[in-house]
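Understanding the architecture of this molecule
One letter stands for each residue in the lines below.
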Amino acid sequence: MSDILIVDDERDIRELVSDILEDEGYSTRRAGNSDECMAEINSEPPGLLILDIWLKDSRMDGIDILKAVKRDNPDVPVVIISGHGNIEIAVAAIKQGAYDFIEKPFNIDQLMVVIRRAMETSRLRRENASLKRKEVTSSDMIGKSASFRAMQSQLDKVTKSNGRVMLSGPAGSGKEIAARYIHAHSNRANAPFVTVNCAGIEPERVEEVLFGRESSERGIESGLLEEAHGGVVYFDEVADMPMGTQSKILRVLVDQQFQRVGGSDKVRVDLRVISSTNRNLDAEIEADRFREELYHRLNVVPIAVPSLEERREDIPVLAQHFIEMCNESQGLTAREISEEAVALLQTMTWPGNVRQLKNLIERVLILGDGAGPIEAKELPTEEEKADDSGRVVLSGALATLPLREAREAFEREYLLTQINRFGGNISRTASFVGMERSALHRKLKSLGVVTSNKSGARVAQVDEPEPAD
């Protein structure tokens, strides 16, 4: 995509422009009518298109070709030339996406200035898009727990296909990072990754945002699906998509084409679709809030993204990763984390998941003073906490129980937390809490605590007795 395609029905013009450009170091191709032009573009999109607006004995004129190029290859800049120029034609060409308009007979110096600017603008856009993709995808997925490794193994299996993936998991668990991981390791890694925030788009504007629009006043305005052509479109929280839009997205998935709002031309797209949700889509279908056929189209490969509660082992490496990120992006001090602080982080509850951990680390670095290790006292405390004298302040729930019941409740929650902190590893838990492994097993049995597999990891939970008949 580095040469220049010259399209003009006059051979002398084609050859003159081609010779001038080649003398300037550009490689060129030539076409004398619309069929030759489209054949050249379809074989390999050029770096720039110089296009005569009037083409004799052609099925399409310059405006028709311009529309087709901007529809299928929007990154290719188009310079329109014409011997019948007027202000109306120039305005129409610019509205349809042309970079500039030059009248014949044109000044060679003027033509070269326009071409250089158009090529430079196109190069900067491509570099900017590439840098954005590298900036996002350079942050690798972080973790080593069993549940994380199980998820990553599933992601690796789908990277080389074009199959549609549905990522499910609670808010803040890292579903978009998982989607970007698929993109970065796929054969579309150098193509766009476009996020559609289904919950953040105003319902009345969803179709314009997705499909774009055409109007006589503003010409063609591309939508997100068009911007994602050749790459990946990621529907973030797809359950929030309006029902009316769902049916149109379903049609796009079937036909790989759509019409812009206010337009009549079909826009063809080549997309890989990844979706995510934190809701139960079966329940949404049952409540008539989500189309079942769309669900089956999107849910070809379902992958569960574990919550932070299910991967507590990853908290230390995630926290260190976020410290390094804040140091690189904001210049905040790159501090270590003390063992006591790590232990506290691993025992906290995380309703906001990985996003909440990232925000907490950033807050501690901003408010902290000094370059020493982050200590437990700098972290927000939960219900059971120590006051300045070191005394433990009980929650209201524990304070109202008799001693035996309070002790059992504390031991149960304490051991549940420690086992989950160590990824279900009883040996490591026993070593940390200072018990023999056999004694810990007996204690867990007496407290009704059992471990089971969940998302590829061992998770501790209370064994609830079955209700009597």
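The coordinates are above.
Residues numbered from 1 in each chain as written. Predicted model: local features only at pLDDT ≥ 70, side-chain atom pairs only at ≥ 80, totals over all residues. Heavy atoms only, no water.

Turning next to the overall build of the protein. Helix and strand counts for the protein stand at 19 helices and 18 strands. Buried positions account for 43% of the 469 residues belonging to the protein. Here the analysis covers contacts within the protein between residues at least 6 apart in sequence; of these, 69% occur between residues at least 24 apart. With the model as given, the accessible surface of the protein reaches about 24500 Å², and the carbon-plus-sulfur share is 47%. (Helix = DSSP H or I, 4+ residues; strand = E, 2+ residues; numbered from the N terminus. Buried < 20%, exposed > 50% of the residue type's maximum accessible area, 1.4 Å probe, protein only. Contact = heavy atoms within 4.5 Å. Areas by Shrake-Rupley, 256 points an atom, 1.4 Å probe, with all protein chains shown as cover.)

Time to look at the pattern of salt bridges. Pairing between side chains of opposite charge can happen when their charged atoms approach one another. Applying the stated criterion across every chain, the model contains 25 salt bridges. When the shortest N-O distance is used, the salt bridge between Lys104 and Asp52 registers 3.4 Å. Taken together, the positions of Lys104 in the loop between β5 (100-103) and α5 (108-137) and Asp52 in strand β3 (residues 48-52) put the pair 52 residues apart, joining distant regions of the chain. This pair shows no difference in class: Lys104 is buried, exactly as Asp52 is. The salt bridge involving Arg289 is made with Glu284; its shortest N-O contact spans 2.9 Å. A relative accessible area of 8% places Glu284 in the buried class. A network of salt bridges, in which partner residues are shared, links Asp8, Glu10, Asp52 and Lys104. (Salt bridge = Lys/Arg side-chain N within 4 Å of Asp/Glu carboxyl O.)

Quick look at empty space enclosed by the protein now. All told, the structure shown has four cavities of 30 Å³ or more when counted by the stated rule. Taken as a whole, the second largest cavity encloses approximately 40 Å³ of empty space. Taken together, Val196, Cys198, Ile201, Val206, Leu210, Met241 and Pro242 form the lining of the second largest cavity. Along the lines of polarity and charge, the residues of the lining of the second largest cavity split into seven nonpolar, no polar and no charged. (1 Å grid on protein atoms, 1.4 Å probe; cavity = no way out; pocket = protein on both sides within 12 Å on 5 of 7 lines; lining within 4 Å. Points joined across faces, edges and corners; volume = space filled by probe spheres on them. Nonpolar A, V, L, I, M, F, W, Y, C, P; charged D, E, K, R; others polar.)

Quick look at a nonpolar patch on the surface now. Together, Phe410, Tyr414 and Phe432 line one region of the surface with nonpolar side chains, adding up to about 290 Å² of accessible area. Structurally, Phe410 is set in helix α17 (residues 403-421). (Patch = residues over 30% accessible without salt bridge, like charges linked within 9 Å, V, L, I, M, F, W, Y side chains within 5 Å.)

Considering the arrangement of structural elements, one finds Ser145 in the loop between α5 and α6 (146-158). Taking the relative accessible area as the measure of exposure, Ser145 reaches 2% and is therefore buried. Counting along the chain gives 170 residues from Ser145 to Ile315, while the straight-line C-alpha distance between them is 9.7 Å. What Ser145 contacts, discounting residues up to four positions off in sequence, is Arg311, Glu313 and Asp314.

If you trace the five strands from one edge of the open sheet to the other, you get β7-β10-β13-β6-β14, paired in parallel fashion. Looking at which strands have only one partner, the edges of the open sheet turn out to be β7 (193-197) and β14 (301-304). Across the sheet, the mean angle from the axis of one strand to that of its neighbour is 20°, orientation sign disregarded. In the packing of α6 onto the sheet, the strands contacted are β6 (165-168), β13 (272-277) and β14, and the crossing angle to β14 comes to about 155°. (Pairing = 2+ DSSP bridges. Axes fitted to C-alpha atoms, helices over the stretch in contact; angles between N-to-C directions.)

Structurally, the position occupied by Arg260 is in the loop between β11 (257-259) and β12 (266-268). Residue Arg260 is classed as buried on the basis of its relative accessible area, which comes to 4%. Along the chain, Arg260 and Gly223 lie 37 residues apart, while their C-alpha atoms are 7.9 Å from each other. Contact partners of Arg260, with chain neighbours within four places excluded, come to Lys70, Arg71, Phe211, Gly212, Arg213, Glu214, Ile220, Glu221, Glu226, Asp265 and Val267. At 2.7 Å, the side chain of Arg260 forms a polar contact with the side chain of Glu214. (Polar contact = N/O pair within 3.5 Å; in protein donor to acceptor, adjacent residues only side chain to side chain.)

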